[in-house]
Amino acid sequence: MGDLSAAPLLVRALRGEPVERTPVWFMRQAGRSLPEYKEVRKQGSLLEICHRPELAAEVTLQPVRRHGVDAAILFSDIVTPLDAIGFGVEVKAGVGPVVADPIRSHADLARLRDFEPDEDMPALRKTIELIVAELGPQGIPLIGFAGAPFTLASYLVEGGPSKQQSLTKAMMLADPELFEALLRRLSAIAVASLRTQVDAGAQVVQVFDSWIGTLSRDQYRRFVLPVMTDLFTELKDLGVPRTIFGVGTGHLLDLLAETGADCVGIDWRIDLRDARALVPDRCTLQGNLDPSVMLAPQSVIETEVRRVLDSAPDQGHVFNLGHGVLPETPPEVPGEIVRLVREHTAKKSLA
Ligand code: 1CP
C-alpha cells in the first residue's frame, strides 16, 4: 500500500509524471476469461448484471483480487447506456451486441434519446460507489469507460458485429449530415455516462473506439475528428486522465492525439518506439502486448513482455495489451504478467 495522499500510480503515470514502476492493467480483464465471472453470470445476462450493483461491483473487483492489477475497470459494455434508454439492443452470447431495428434514416435518430444516468440506470452510480469503497483504501483507481461514437454507430447501423463496417461507412460517405448527427447523439450519451462515472468516483476514463482503424486518415479527419475533439473537450473539466483506444490505428495515431486525449492506446501491430514518434509528448502511451501471447508458454510470455518494456518510453507508459484479454486465456496468466512487469520496471529509481 502506497502513500494514500498521493494520486494512484496509474494516474501519475497517465499524467506523464516519473513513477516508481510501470503500472499494469488489462483491457477486458474482467468477465469472459475468469471462472469466477462465469459463476456470477449464472445469475443473469450481461446486461442484467450491469443493473445489479452488488454483482457488477463483484465482477469488477475479481481481476484486481486475482491478478493484482493496478486498476479496476468498470464492468459494463459499450452498449449498456443504449440498453438503458430503451433503444433495443441485445448482447448475444458468442456474438456480441445485436440491434433488431438498425438506424438507417434521420427519423431513426429520434430513438436515440439523451441518457440520464441517475434516472435511466441508477445502478451505474451505485456500482461505482461500492467499488470505490473497497478500492479507495487500497489506493487502486477505477477506470470508467464508454464506447466512442463511431464504434457504437457501427453496431447501430450494421445491426450487429461486422468486419468492415461497410454500411456504416456507406452512410458516412453518402449522407455525412445524418452520420454526423448520429455521432453527435452518441457522443452526448458517452459524455453523460462518463461524467456520472467520474462524479461517482472513477479516477480515469477510457473511450473505446475499437473499430476506428477501418477508416482512412482523410475519413477520420473529415467525419470523426471534429466530434471526438468536442467529446474530449467536454470531459476536460473533470480533471481526470482521458484515454482513447482503437484497434489497427497505426496510421491514425497522431490524429487520435489531436482529439485532445491525454493517453493513446496502442495495439500490437506497431512498435511503441514508432508510436512514440507519432504521438506528441504531452500524451502518454498505453499498450501493447499481443493478447495472443497470453496463450503461449511462459518462456514466450517473458520474452514478449520484455520486448514491450524495452520498446516503451521511460516515462508516460502504462503496460496493457494491444486489445482485450481473449476469452480462452488461462486465468493465471494475467497475474504472471503483472509480476513480470513489476520485476522488470521496479528498479526504476526516482532519483
Ligand atoms: O454475456 C457475456 O458474458 C458476453 C461477453 C461480453 C462481456 C463479458 C460482452 C459481449 N461484453 C462484455 C463486457 C464488456 N464489454 C466489458 C467489461 C468486462 C471485460 O473487461 O470483459 C468491456 C470493457 C466491454 C467493452 C466492449 N464491448 C468493447 C470495447 C472493447 C473491445 O474489446 O474492443 C466492444 C467493441 C464491445 C462490444 C461487445 N460486447 C460483447 C462482445 C462479444 C463484443 C464484441 C463484438 C464484436 O466483435 O463486434
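The structure under discussion appears in the preceding block.
Here is what the cut-offs are and how they apply
Counting restarts for each chain: residues are numbered from 1 in the order of the written sequence. Since the coordinates come from a predicted model, pLDDT governs what is reported: local features require at least 70, and pairs of side-chain atoms require 80 or more to be given and counted, while whole-chain, interface and lining totals use all residues. Side-chain numbers here rest on the full set of heavy atoms in the structure, without hydrogens or water. Consider each residue's heavy atoms; a residue with any of them within 4 Å of a molecule or strand counts as near. Reported accessibility uses the Shrake-Rupley method at a 1.4 Å probe radius. Residues are deemed covered only where the shown protein chains occlude them. By the criteria applied, helices consist of DSSP H or I runs no shorter than four residues and strands consist of E runs no shorter than two, each listed in order from the N terminus. Amino acid classes used here: Ala, Val, Leu, Ile, Met, Phe, Trp, Tyr, Cys and Pro are nonpolar; Asp, Glu, Lys and Arg are charged; the rest, including Gly, are polar. The convention used is that axes are lines fitted to C-alpha atoms, helices contributing only their stretch in contact, and that angles between N-to-C directions extend from 0 to 180 degrees. When an angle is under 35 degrees it counts as roughly parallel; over 145 it counts as roughly antiparallel; between 65 and 115 it counts as roughly perpendicular; any other value is oblique. Crossing handedness is defined as follows: a turn of the near helix away from the far one that is anticlockwise and smaller than a right angle gives a left-handed crossing, while the clockwise case is right-handed. Contact criterion: two residues are considered in contact whenever any of their non-hydrogen atoms come within 4.5 Å of each other. Whenever a carboxyl oxygen of Asp or Glu lies within 4 Å of a side-chain nitrogen of Lys or Arg, that contact is scored as a salt bridge. Burial classes follow relative accessibility: with a 1.4 Å probe on protein chains only, a residue under 20% of its type's maximum area counts as buried, one over 50% as exposed, and anything between as partly exposed.

J.: Any chance you could explain the site of the ligand here in plain terms?
T.: The environment of the ligand is formed by 22 residues, the closest being Tyr 37, Arg 41, Tyr 155, Ser 210 and His 323. Contact with the protein chains hides 89% of the accessible area of the ligand, taken as 870 Å² for the molecule alone. Sorting the residues of the shell around the ligand by element identifies α2 (35–41) and β3 (96–99) as the ones contributing at least two each. Grouping the amino acids of the shell around the ligand by side-chain chemistry returns 13 nonpolar, 5 polar and 4 charged.

J.: In this structure, what is going on with the packing of helix α4 (residues 53–67) against helix α8 (residues 123–135)? I would like to understand it.
T.: The description of two helices packed together rests on the angle between their axes and the distance between the axes. At a closest axis distance of 8 Å, the pairing of α4 and α8 adopts a crossing angle of 40 degrees. The angle between α4 and α8 falls in the class oblique. Crossing of α4 against α8: the hand is right-handed. Here Pro 53, Glu 54, Ala 56, Ala 57, Thr 60, Leu 61, Val 64 and Arg 65 of α4 come into contact with α8, specifically with Ala 123, Lys 126, Thr 127, Leu 130, Ile 131, Glu 134 and Leu 135. When its residues are assigned to classes, the contact of α4 with α8 shows 9 nonpolar, 2 polar and 4 charged.

J.: How do you make sense of the pattern of salt bridges when you look at a structure like this?
T.: Any two side chains of opposite charge can pair, on the condition that their charged atoms come close. As enumerated under the stated definition, the model contains 23 salt bridges in all. Here Glu 20 and Arg 12 are joined by a salt bridge, their closest N and O atoms 3.0 Å apart. Taking relative accessible area as the criterion, Glu 20 reaches 33% and is therefore assigned partly exposed. Judged by relative accessible area, which is 17%, Arg 12 ranks as buried.

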